[in-house]
Amino acid sequence: MKLESAIPEGPVEGKWDKHRFEMKLVNPANKRKFRVLVVGSGLAGGSAAATLAELGYEVLCFCFQDSARRAHSIAAQGGINAAKNYQNDGDSVYRLFYDTVKGGDFRSREANVYRLAQVSANIIDQCVAQGVPFAREYGGQLANRSFGGAQVSRTFYARGQTGQQLLLGCYAGLSRQVGLGNVKMFPRTELLDVVVVDGLARGIVTRDLVSGKVESFAGDAVVLATGGYSNVFYLSTNAKGCNVTAAWRAHKRGAGFANPCYTQIHPTCIPQSGDHQSKLTLMSESLRNDGRVWVPKEPGDTRKPRDIPEDQRDYYLERKYPSFGNLAPRDIASRSAKEACDAGLGVGPGGRGVFLDFRDAIQRLGKNAIEQRYGNLFEMYQRITDDDPYEVPMRIYPAPHYSMGGLWVDYNLMSTVPGLHVIGEANFSDHGANRLGASALMQGLADGYFILPYTIGHYFATHKPGPVDTDHAEFKRVEKEVEERMQRFVSIGGKRTPDSFHRELGRLMWNNVGMARTKESLEEALREIPRIRDEFWSDVRVVGGRSEMNNALEQAGRVADFLEFAETMALDALTRDESCGGHFREEHQSEEGEAVRNDADFCHAAVWEYTGEGNAPMEHREPLDFPNVPLATRSYK
């Protein structure tokens, strides 16, 4: 495996413009000759499919939801970053670049991050033109609010429905191309494998989730926009359908998997209420603009929050991080909440919660102002918990959320398999060891609208993939492997459901590879994961057949991939013998509990190569350089 990042030479401010000029082009008439398979229809996949079709490419777009507009991007709440400086508070492209590199704890690639900041302003213009109803100031100017890890207001939002509104705008553009015949949609269709012919990604094998039909599709390039893998923890803020299968199948066909141990724990989620739950609910980080986080100062204080006097409350984020206060980055805020609860200061059932209190903001601004900013979020919280956050503080606790790790890509968003491009959360490229809030939507749309449409043309112009169809022997071979794998699932006839194995794996991963890790916990995980996997393959029960609608079969395939991926994730966490961002090794912390990096040995992206079933993966390293944002101890105090 060769890691050639393809980063252009020259100052970081000019790399993207220089690269765009130097890339080879495909003329409009020739674009019609190329077929692109886009897997995923969220903000990354939907924007890529619509834009590539607008340029003239033939596009096939696949999603396992019943409609592209139900992709998980719709669940994003708080906002999308862009360096517009509408607030005239000192923001700039360079400051967004700086904040993102620092927020990622110096474990991201500078060139990619600067490009992301550079195109961020274009995203807002694009979305406004599509009719996305961003919040506006009284005079009509687009409104901004602040998010964790920033001291400026650069986050554009549509109340607490930003992901939904952005996806509907993207979906409108995609639907136009579908109507024109330039995009063919395949809903309720799941990718089960990637086909590589003569070293190039040339197609995919899918299963129709309604009929059960297995089918192959050939193309000149494959684009994965399939989201993240945080459901490896079973309980997460991700939709139940989110999984690692597409990325893992591509990994087993030769795509390097980078930094799988980098997962984000979001600090503001509704605490788990019992073992009956199948997922956790996110409460937007934007709430920390006006909500104050606190716990009682005395352990075991079970008084109602309004009965606890001000001098007996610990506003611990304001105390520990006075410069950023409640808007400390997500990894820091999450660990601080865990520390408070571990010290016996947690609130609510089991002591696994902290307060997010809007009393002061309501007194200062009035209930109507808070309702305008967060009304739908407050309503959602009340429906789930039966508590009115206008009257009593919310209870929140950290939960698995975003995956910073993903398939390795170069500057052109191409994986180590030529022709296989990976965009959005499915790749590793922009967020390092911790993602700043409101940057996920930014990256997805940047990749789909403003980066991939340039770089995929360069791939076609330089590689010139020849004609291949699904009659090729490699398609038949992979299709047979997929059929045999499904037959194996339905033939085991064990006693346990796929969900029971997923829940067991998730509990192990949360306890051992979750918010805090140790050498001992990771070694235990690496012993237990193979045991669970062996039991899965001998005792899972998949009811129904493979040639019909079968949710149990879908779930079994996804859990099987999680059981393989989890081992690489734990191995990556064990190998990275430092603390950085969301990867917190308890052995490497300061006296004040802050993460301690080891730049001498670990200032790199760890990229894992699949070496065959039963064999340990091989680690490769891409060195990371920081000439523009010099390596420094990360501080938000």
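Computed from a prediction, not measured in an experiment: that's the story for all the values here.

**Student:** Just to check I follow, could you spell out the pattern of salt bridges for this structure?
**Tutor:** Overall, the coordinates contain 58 salt bridges when judged by the stated rule. The shortest N-O distance in the salt bridge between Arg597 and Asp105 comes to 2.9 Å. Here Arg597, found in the loop between helix 16 (551–575) and helix 17 (599–602), pairs with Asp105, found in the loop between helix 4 (93–103) and helix 5 (110–129); they are 492 residues apart in sequence, far enough to count as distant. Note on Arg597: relative accessible area 16%, which makes it buried. By relative accessible area, which is 2% here, Asp105 ends up buried. Two residues, Asp599 and Arg597, come together in a salt bridge whose shortest N-O distance is 2.9 Å. Beyond isolated ion pairs, a larger network of salt bridges with shared partners links Asp105, Arg107, Asp331, Arg335, Arg576, Glu578, Arg597, Asp599 and Arg634.

**Student:** Mind showing me how you'd approach the environment of Lys367 here?
**Tutor:** Assignment of secondary structure puts Lys367 in helix 11 (residues 367–385). Distance from Lys367 to His72, taken between C-alpha atoms, is 31 Å for residues 295 residues apart in sequence. Discounting chain neighbours no more than four positions away, the residues touching Lys367 are Ile362 and Tyr390.

**Student:** I'm lost on the packing of aromatic side chains in this one. Help?
**Tutor:** Each aromatic ring pair is characterised by the separation of its centres together with the angle its planes make. Throughout the structure, instances matching the rule amount to 32 aromatic pairs. Taken together, a centroid distance of 5.8 Å and an interplanar angle of 90° make the contact between Trp16 and Tyr454 edge-to-face. One end of the pair, Trp16, is in helix 1 (residues 15–22); the other, Tyr454, is in helix 12 (residues 440–463), with 438 residues separating them in the sequence. For the ring pair Phe233 and Trp510, a centre distance of 6.1 Å and an interplane angle of 90° mean the geometry is edge-to-face. Taken together, the residues Phe233 in the loop between strand 9 (221–224) and helix 7 (245–252) and Trp510 in helix 14 (residues 498–513) connect sequence positions 277 residues apart. Relative accessible area serves as the criterion here: at 3%, Phe233 is assigned to the buried category. Here the aromatic cluster, defined as three or more aromatic residues joined through ring pairs, consists of Phe34, Tyr57, Tyr459 and Phe460. Here the guanidinium or amino end of Lys367 rests over the ring plane of Tyr390, the centre of that ring lying 4.7 Å away. Cation over ring: Arg558 sits above Phe64, and NZ or CZ is 5.1 Å from the ring centre.

**Student:** What is the right way to read the pairing of strand 18 (residues 604–609) from this model?
**Tutor:** Each regular strand carries side chains that alternate between the two faces of the sheet. With six of six residues buried, strand 18 is to be regarded as a mostly interior element. Burial along strand 18 is two-sided: His604, Ala606 and Trp608 facing one way and Ala605, Val607 and Glu609 facing the other are all buried. Here strand 10 (residues 257–258) runs beside strand 18; their pairing, made up of two bridges, is antiparallel. Looking at strand 18, one finds that Phe257 is bridged to Trp608. Note: strand 18 against strand 19 (residues 618–623), six bridges, orientation antiparallel.

**Student:** Teacher, can you tell me more about the pairing of strand 9 here?
**Tutor:** Judged by which residues are buried, strand 9 turns out to be covered on both faces: Ala221 and Val223 on one side and Val222 and Leu224 on the other are all buried. Where strand 1 (residues 35–39) lies against strand 9, four bridges are found, and the strand directions are parallel. Note on strand 9: the bridge partner recorded for Leu37 is Val222. The pairing of strand 9 with strand 17 (residues 420–422) spans three bridges and is parallel. For Leu224, the partnering residue across the bridge sits in strand 17 and is Val422.

**Student:** Please clarify how unusual backbone geometry should be interpreted in this entry.
**Tutor:** Trans is the common state for peptide bonds, and a negative phi is the common state for residues other than glycine. The residue Arg188 is not glycine, and still its phi comes out positive at about 50°. The residue Arg188 is located in the loop between strand 5 (183–186) and strand 6 (189–197) in this model. The phi dihedral of Ala438 falls on the positive side, at around 70°, and the residue is not glycine. Inspection of the secondary structure assignment puts Ala438 in the loop between strand 17 and helix 12. A relative accessible area of 5% means that Ala438 is categorised as buried.

**Student:** I keep staring at the environment of Ala111 and nothing clicks. Help me out?
**Tutor:** Turning to its location among the elements, Ala111 is positioned in helix 5. In this structure, the C-alpha to C-alpha distance between Ala111 and Ile492, residues 381 residues apart in sequence, is 49 Å. Apart from the residues lying within four places of it in its own chain, the contact partners of Ala111 are Ile7, Val12, Lys15 and Tyr411.

**Student:** Please clarify how helix 16 should be interpreted in this entry.
**Tutor:** Side chains three or four residues apart in an α-helix point the same way, a direct result of the helix having 3.6 residues per turn. Taking 1.5 Å of rise per residue, 25 residues should cover 36 Å, and helix 16 covers 36 Å from first to last C-alpha, within 8% of that figure. Here helix 16 lies mainly inside the structure; 19 of its 25 residues are buried. The distance from a side-chain oxygen at the start of helix 16 to the backbone nitrogen of Ala552 is 3.1 Å, and the residue carrying that oxygen is Asn550.

Calculation rules
- Residues numbered from 1 in each chain as written.
- Predicted model: local features only at pLDDT ≥ 70, side-chain atom pairs only at ≥ 80, totals over all residues.
- Heavy atoms only, no water.
- Salt bridge = Lys/Arg side-chain N within 4 Å of Asp/Glu carboxyl O.
- Helix = DSSP H or I, 4+ residues; strand = E, 2+ residues; numbered from the N terminus.
- Buried < 20%, exposed > 50% of the residue type's maximum accessible area, 1.4 Å probe, protein only.
- Contact = heavy atoms within 4.5 Å.
- Phe/Tyr/Trp six-rings, centres within 6.5 Å; stacked < 30°, edge-to-face > 60°.
- Lys NZ or Arg CZ within 6 Å of the ring centre and 35° of its normal.
- Pairing = 2+ DSSP bridges.
- Expected span 1.5 Å × (residues − 1).
- Polar contact = N/O pair within 3.5 Å; in protein donor to acceptor, adjacent residues only side chain to side chain.

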